[in-house]
Amino acid sequence: MTAGKKRSASADLRYEAWLRFRRNRLALAGLVMALSVILAAVFAPVLAPYDPLKQLIWTQGREVRLAAPSAAHLLGTDLFGRDILSRILYGARISLQIGIFATIVSLLVGVPLGALAGYFGGFADDAISWLINVIFAFPFFLFIIAVVAVLQNPSMTVIYLAIGLVNWVGVARITRAQFISLREREFVEAARALGLPTWRIIFVHILPNALAPVIVQATMGIGGIIMIEAGLAFLGFGAQPPAPSWGLMISDGQKYLAVGKWWWAIFPGLAITYTVLAFNFLGDGLRDALDARLKR
Amino acid sequence: MLSYVLRKILYFIPVVWGVVTVVFILVTIVPGDPARLLMGQRGDPETLARIRSDLGLDLPISRQYIRFLGDLLRGDLGTSYRNNEKVAASLMEHFGATLRLAFWAMILASVIGVSAGILSAVKQYSLFDYSAMFIAVAGVSAPVFWVGLLLLLIFAYGLQILPGVGYGDGSWRYLILPVVTLGTRPAALIARLTRSCMLDVMNQDYIRTARSKGLTERVVVLKHAFKNALIPVNTIIGTQVAELLSGAVLTETIFAWPGVGRLTVEALVARDFPMIRGSVIFMALIFLVTNLLVDLSYGLVDPRIRYD
């Protein structure tokens with residue numbers, strides 16, 4: 001088989017996966033929803049009707065304090081007269097940033113460790129699997145808040161490093177399982193017989209074939225990470241005021257639920273649910289589209 | 001069977017050792033001086049030095065670690081910086097409330113999740129199936145604390161048919177909203193899993209055989225299909241314990257529920273390291289022990305699984 005033919009064959013497979021993905025209505029919905037969140041984050045300055053940090057009570061008086069949703073403020077305002085819609089749009093930046101960076105950290109740690117454990121087996125596998133089991137034993141969310149809370153006033157970088165350094169175990173488990181099932185296959189043996197260096201076999205020959213489930217896991221993980229960040233901010237360990245973080249807005253707004261000012265806490269929660277839903281649909285759709293390709 | 005149980009337990013020891021070591025490292029590397037934290041700005045150098053030696057902070061790390069392991073073996077998790085109470089005693093005192101919350105949440109989640117999953121599978125592509133699965137996927141995607149606030153808004157502040165936050169001297173009326181909050185996510189996951197397992201099983205040959213024997217659909221579904229669909233469902237119920245403990249942290253905070261989760265959050269806010277250390281270890285141990293029990297229970301659900 002020539003290189004050209006091989007490329008077109010894998011392009012065909014990719015195209016078929018895309019066709020399967022496109023037929024899946026929930027997957028498409030997830031893609032559209034995720035794109036809408038990304039667009040909201042990118043174009044927040046254009047889309048937001050107000051400055052997310054501007055406290056309008058200083059210029060427009062007390063009527064804009066906790067004002068109910070209206071034409072001027074579609075989702076209402078908070079205690080300081082900040083426009084909630086604008087804050088939610090800007091908040092997408094925080095959530096996506098954490099979701100993406102923490103996922104990258106998880107992949108950078110989880111894929112190499114999972115690959116080493118799965119390819120070499122033996123002691124490497126025992127040691128890495130032990131570490132995975134140890135980290136799995138902690139309730140994730142609790143462990144992450146413990147890490148973030150003991151480091152005083154952590155920056156956003158620390159937060160996504162902390163999330164990534166706990167979250168990598170899921171990626172590592174799947175990568176390991178993939179490597180175990182692939183390492184005895186003919187194409188790997190052929191590569192070994194050709195005398196290729198081990199790192200080349202692992203990263204050039206096995207890894208591309210092992211990636212599909214890892215990508216699915218990572219996509220589904222983005223939603224979970226966004227939820228963890230919201231929980232951290234809600235408890236006061238994540239983004240700090242006046243950042244327009246969704247979790248922080250819910251935390252600030254909850255005190256006003258009992259007096260009927262529900263919009264401050266409820267709308268940001270809808271934004272979280274929408275975003276997490278988007279990545280869950282997307283992950284489900286990718287799994288269904290790519291799985292069929294693996295079975296062939 | 002006995003050797004299987006023993007091997008499982010033996011395998012546990014290194015994992016438990018890893019867990020306590022990770023927690024020790026986590027709490028030991030933190031910036032700041034615990035003695036200073038305890039005394040605030042008041043402490044004069046001699047008092048600070050005395051506290052450090054009381055806490056063993058003047059020892060080299062290796063000695064501190066050995067002392068920590070020794071204390072743990074005796075069930076001593078240290079003393080809270082905040083109120084001088086024994087950490088282990090505080091945890092046990094608060095664990096009852098968490099257990100009560102988590103137990104009912106799991107019962108609720110299993111009953112609703114399994115029945116919704118079975119009904120969805122039996123009536124695949126019906127209106128019930130679509131709405132149940134939509135609610136389930138939304139339930140998986142909504143943050144626990146927001147679900148809790150939404151329930152408070154509707155049932156406590158809006159309709160005013162249930163009490164708001166608090167433990168209410170243990171009255172069951174105070175239990176309802178926290179249980180529903182904590183149970184939503186596991187219920188949604190269990191419903192989705194039950195549905196897909198049931199659909200897998202319902203397409204098997206032996207189900208066709210059972211039907212062709214003339215058994216009623218009810219017997220086919222409940223007796224033949226459900227039993228086999230239960231195995232993966234049983235697994236996820238076990239793994240949900242970790243989710244429940246994480247969820248309890250947030251649920252207890254919202255509902256001012258006097259459990260281990262809220263105790264932990266208070267300790268984290270106060271940077272009460274012995275309490276943080278103790279509660280993280282405590283929750284990890286609960287998770288490990290529950291999963292051991294789930295592993296061992298496979299044989300009861302599925303006699304085909306052999307202990308070798």
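Thresholds applied
Residues numbered from 1 in each chain as written. Chains lettered and ligands numbered in written order. Predicted model: local features only at pLDDT ≥ 70, side-chain atom pairs only at ≥ 80, totals over all residues. Helix = DSSP H or I, 4+ residues; strand = E, 2+ residues; numbered from the N terminus. Buried ≥ 20, exposed ≤ 12 C-beta atoms within 10 Å, placed from the backbone. Contact = placed C-beta atoms within 7 Å. Nonpolar A, V, L, I, M, F, W, Y, C, P; charged D, E, K, R; others polar. Axes fitted to C-alpha atoms, helices over the stretch in contact; angles between N-to-C directions. Left-handed = near helix turned anticlockwise from the far one by under 90°. pLDDT = per-residue confidence, 0-100. Parallel < 35°, antiparallel > 145°, perpendicular 65-115°, else oblique. Core = buried A, V, L, I, M, F, W, Y, C linked by C-beta atoms within 7 Å.

### Some points on the overall build of chain B
When you go through chain B residue by residue, the secondary structure sums to 12 helices and 0 strands. When its helices and strands are written in sequence order, chain B yields α-α-α-α-α-α-α-α-α-α-α-α. Across its three principal directions, the C-alpha atoms of chain B cover 85 × 55 × 30 Å. Within chain B, the fraction of its 308 residues that count as buried is 37%. Contacts spanning at least 24 positions in sequence make up 70% of the contacts within chain B whose residues lie at least 6 apart.

### Notes on the overall build of chain A
A tally of helices and strands in chain A yields 12 helices and 0 strands. The N-to-C order of helical and strand elements in chain A reads α-α-α-α-α-α-α-α-α-α-α-α. In terms of its C-alpha atoms, chain A occupies a principal-axis envelope of roughly 80 × 45 × 25 Å. Out of the 296 residues belonging to chain A, those deemed buried represent 49%. Within chain A, residue pairs in contact and separated by at least 24 positions form 73% of the contacts whose partners lie at least 6 positions apart.

### Side note on the interface of chain B and chain A
On the side of chain A, 36 residues touch chain B, which itself brings 38 residues to the contact. The set of elements that each furnish at least two residues to the side of chain B that touches chain A consists of α1 (2–28), α6 (127–141), α7 (144–158), α10 (217–254), α11 (260–270) and α12 (273–301) of chain B. When grouped by side-chain class, the residues that make up the side of chain B that touches chain A number 32 nonpolar, 6 polar and no charged.

### Thoughts on the packing of helix α9 (residues 205–212) of chain B against α10 of chain B
All names here are of chain B. Across the interface, α9 lies against α10 with an axial gap of 10 Å and an inter-helix angle of 145°. Considering how the two elements wind past one another, α9 and α10 form a crossing that is right-handed. Mapping the contact onto sequence places Y206, I207, A210 and R211 in α9 and V220, H224 and A225 in α10. Residue classes in the contact of α9 with α10 are distributed as 5 nonpolar, 1 polar and 1 charged.

### Quick notes on unusual backbone geometry
Leave glycine aside and you will find that most residues have negative phi; peptide bonds, for their part, are mostly trans. That bond from P241 of chain A to P242 of chain A is cis: its omega, 5°, falls within 30 degrees of zero. Its location among the elements puts P242 of chain A in the loop between α10 (198–235) and α11 (246–253). A positive phi angle is found at Y125 of chain B, which is not glycine, with a value near 65°.

### Points about the confidence of the model for chain B
The predicted structure's coordinates, where accompanied by low pLDDT, should not be read in detail. Across chain B, the average pLDDT comes to 85, with 92% of residues at or above 70. The spread of mean pLDDT over the elements of chain B runs between helix α2 (residues 34–39) of chain B, the lowest at 68, and α7 of chain B, the highest at 93.

### So, the confidence of the model for chain A
Summarising the model, chain A shows a mean pLDDT of 87, and 95% of its residues fall at 70 or more. The low-confidence segment residues 1–5 of chain A, where pLDDT is below 50, has 1 contact with residues more than four positions distant or belonging to other chains.

### Quick look at the packing of α1 of chain B against helix α4 (residues 61–73) of chain B
Residue and element names in this part refer to chain B. The interhelical angle for the contact between α1 and α4, taken along N-to-C directions, is 130°, at an axis separation of 11 Å. The angle between α1 and α4 falls in the class oblique. Judged by the twist between their axes, the crossing of α1 over α4 is right-handed. Taken together, the residues of α4 that come into contact with α1 (itself represented by V20, F24 and T28) are I61, Q64, Y65, F68 and L72.

### Considering the environment of F136 of chain A
Residues and elements named next belong to chain A. In this fold, F136 is placed in helix α6 (residues 122–136). Under the C-beta neighbour-count criterion, F136 is labelled buried, with 20 such atoms within 10 Å. Linking F136 and V166, residues 30 residues apart in sequence, is a C-alpha distance of 8.6 Å.

### Describing the nonpolar core
Within the largest apolar cluster, 169 residues are counted, with the highest numbers of intra-cluster contacts made by L142, I144, I145 and A146 of chain A together with V280 of chain B. For this core, the element with the highest residue contribution is α10 of chain A, accounting for 17 residues. The contact partners of I145 of chain A, leaving out residues within four places of it in the chain, are L232, L235 and F237 of chain A together with L268 of chain B.

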